[in-house]
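Listed below, chain by chain, are the residues.
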Amino acid sequence: MIDINQVRYQAWDQVSDQVRDQVRYEVRYEVWYQLWDQVRGQVRDQVQYQVRDQVRDQFWEDFK
C-alpha cells in the first residue's frame, strides 16, 4: 500500500529543493551584479581621477 501523503511530501521536497536552488542562484547573481556595479563605479571614478590628475600635471609641466 502506497501512502499518498508520503508520496506528496517527497514530491514537495523535490520541488521545494529545486525552487530553493533556483532562488539561491538568482539571488547570488543579483548580489554579484550589484557588487560588480559598485566596484565598477569605484574603479571608474578612480581611473577618472588618475587621468584628470595626469592631464593636469602634464598641463602644468607644459605651462612652466
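Heads up: the structure comes first, above all this text.
Computed from a predicted structure; not experimentally measured. (Residues numbered from 1 in each chain as written. Predicted model: local features only at pLDDT ≥ 70, side-chain atom pairs only at ≥ 80, totals over all residues. Heavy atoms only, no water.)

Here we look at the overall build of the chain
- Looking only at helices and strands, the chain features one helix and zero strands.
- Relative to its length of 64 residues, the chain is extended, with a C-alpha radius of gyration of 27 Å against a globular reference of 11 Å.
- Taken along the three principal axes of its C-alpha coordinates, the chain extends 95 × 10 × 5 Å.
- Considering the chain as a whole, with its 64 residues, one finds that 3% of them fall into the buried category.
- Of the roughly 6700 Å² of accessible surface on the chain, a fraction of 56% belongs to carbon and sulfur atoms. (Helix = DSSP H or I, 4+ residues; strand = E, 2+ residues; numbered from the N terminus. Rg over C-alpha atoms; globule rule 2.2 N^0.38 Å. Buried < 20%, exposed > 50% of the residue type's maximum accessible area, 1.4 Å probe, protein only. Areas by Shrake-Rupley, 256 points an atom, 1.4 Å probe, with all protein chains shown as cover.)

Digging into the packing of aromatic side chains
- Evaluated as defined, the whole model comprises three aromatic pairs.
- Taken together, a centroid distance of 5.9 Å and an interplanar angle of 70° make the contact between Phe59 and Trp60 edge-to-face.
- Given the relative accessible area of 45%, Trp60 is considered partly exposed.
- Following the ring pairs from residue to residue traces out a cluster consisting of Tyr25, Tyr29 and Tyr33. (Phe/Tyr/Trp six-rings, centres within 6.5 Å; stacked < 30°, edge-to-face > 60°.)

Side note on the pattern of salt bridges
- With the rule as written, the count across this model stands at four salt bridges.
- Across the pair Asp37 and Arg40 runs a salt bridge whose closest N-O atoms are separated by 2.7 Å. Placement of the pair is Asp37 and Arg40 together in helix 1 (residues 4-63), with a separation of three residues, close to one helical turn. (Salt bridge = Lys/Arg side-chain N within 4 Å of Asp/Glu carboxyl O.)

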